[in-house]
Amino acid sequence: MEFTLKEKLMLAIKFRKHKQNSNTFNEFNGETLIILPENDIAFEMAQLFLHKTDDSVSFLLKDSISSFYSDKIINNSIQYTYNDMDSLGLPRDIFTEKIKSYNFENIVDTNASFSRFGAFLCLFCNPKVRMGFNYDNSKKYYNVILDTNYQQNLEETFEMIQQFIKI
């Protein structure tokens, strides 16, 4: 994903401000946040996580597609809107602080392609495990990178995630 010069400058300013505020020690609650993508795989992925894990998993999903999910998934989710994003598609500071307040130990971005919102949310919330798929510059945002070959089989993707975190 290419950024314009203006976007690079805005990101640098936001990142510098974030680095200054992230020197605090987090007390993690042991829970996991799964950032669901906005495609049809997300429904199957959410069902898989819900059936194979305990109650320590929460989902982050866009409010415009929440009506497609079951009530059980919606009850275990945090919803976001376009108002929670800035002009660059990044999470606003107030939304980042809201997610930080949950003290998630793990955040898993299940977007197969680069999502500014998901990648920067992982980075800014500073959980113990920031997990996402491999694409250009993914090492900047995640400390655990999943192989993109696993995106085609949800069971293998779940098993790969489960190897790194307790769910």
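A brief look at the structure comes next. Source: prediction; values computed, not measured.

Digging into the side chain of threonine 110
Piece 1. Its place among the elements puts threonine 110 in the loop between strand E4 (106-109) and helix H5 (116-125).
Piece 2. On the accessibility criterion, threonine 110 (5% relative accessible area) is buried.
Piece 3. Polar contacts involving the side chain of threonine 110 include one to the main-chain carbonyl oxygen of isoleucine 35, which spans 2.6 Å.
Piece 4. In contact with threonine 110, other than residues within four places in its own chain, are Ile34, Ile35, Leu36, Pro37, Met45 and Phe133.

Considerations on the nonpolar core
Piece 1. Leu36, Phe49, Phe59, Tyr69, Met131 and Ile161 are the most contacted members of the largest nonpolar core, which has 26 residues in total.
Piece 2. At the level of elements, helix H2 (41-52), strand E2 (57-62), strand E5 (129-133), strand E6 (144-146) and helix H6 (154-164) are the ones that each hand at least two residues to this core.
Piece 3. The greatest single-element share of this core, amounting to six residues, is contributed by H2.
Piece 4. Sequence-distant contacts of methionine 131, defined by excluding residues within four places in its chain, comprise Ile107, Val108, Asp109, Tyr142, Val144, Leu146, Ile161, Phe164 and Ile165.
Piece 5. By size, the runner-up hydrophobic cluster in this structure holds 25 residues, among which are Leu90, Ile99, Phe117 and Tyr142.

Focus on helix H4 (residues 93-101)
In an α-helix, one turn spans 3.6 residues, which is why side chains three or four residues apart end up on the same side.
Piece 1. Burial in H4 covers these residues: Phe95, Thr96 and Ile99. Projected down its long axis, H4 carries its buried residues within an arc of 100°, all on one side. Exposed side of H4, more than 90 degrees from the buried face: Ile94 and Ser101 are the residues found there.
Piece 2. Contacts from the buried residues of H4 go to strand E1 (32-35), E2, strand E3 (77-80) and H5.
Piece 3. The first or second residue beyond H4 is asparagine 103, which carries a positive phi of 55°.

Let's talk about the packing of aromatic side chains
Piece 1. Per the stated rule, a full pass over the model turns up 13 aromatic pairs.
Piece 2. When the ring of phenylalanine 120 is compared with that of tyrosine 141, the centres are 5.0 Å apart and the planes differ by 65°; the resulting orientation is edge-to-face. With phenylalanine 120 in helix H5 and tyrosine 141 in the loop between E5 and E6, this residue pair connects regions lying 21 residues apart in the sequence.
Piece 3. The rings of Phe114, Phe120, Phe124, Tyr135, Tyr141 and Tyr142 are connected pair by pair, giving a single aromatic cluster.

Considering the environment of threonine 96
Piece 1. Mapped onto the elements of the fold, threonine 96 is located in helix H4.
Piece 2. Distance from threonine 96 to cysteine 125, taken between C-alpha atoms, is 6.5 Å for residues 29 residues apart in sequence.
Piece 3. Excluding its chain neighbours within four sequence positions, the residues that come into contact with threonine 96 are Pro91, Leu121, Phe124 and Cys125.

Criteria and cut-off values
Residues numbered from 1 in each chain as written. Predicted model: local features only at pLDDT ≥ 70, side-chain atom pairs only at ≥ 80, totals over all residues. Heavy atoms only, no water. Helix = DSSP H or I, 4+ residues; strand = E, 2+ residues; numbered from the N terminus. Buried < 20%, exposed > 50% of the residue type's maximum accessible area, 1.4 Å probe, protein only. Polar contact = N/O pair within 3.5 Å; in protein donor to acceptor, adjacent residues only side chain to side chain. Contact = heavy atoms within 4.5 Å. Core = buried A, V, L, I, M, F, W, Y, C linked by side-chain atoms within 4.5 Å. Arc of directions from axis to C-beta. Phe/Tyr/Trp six-rings, centres within 6.5 Å; stacked < 30°, edge-to-face > 60°.

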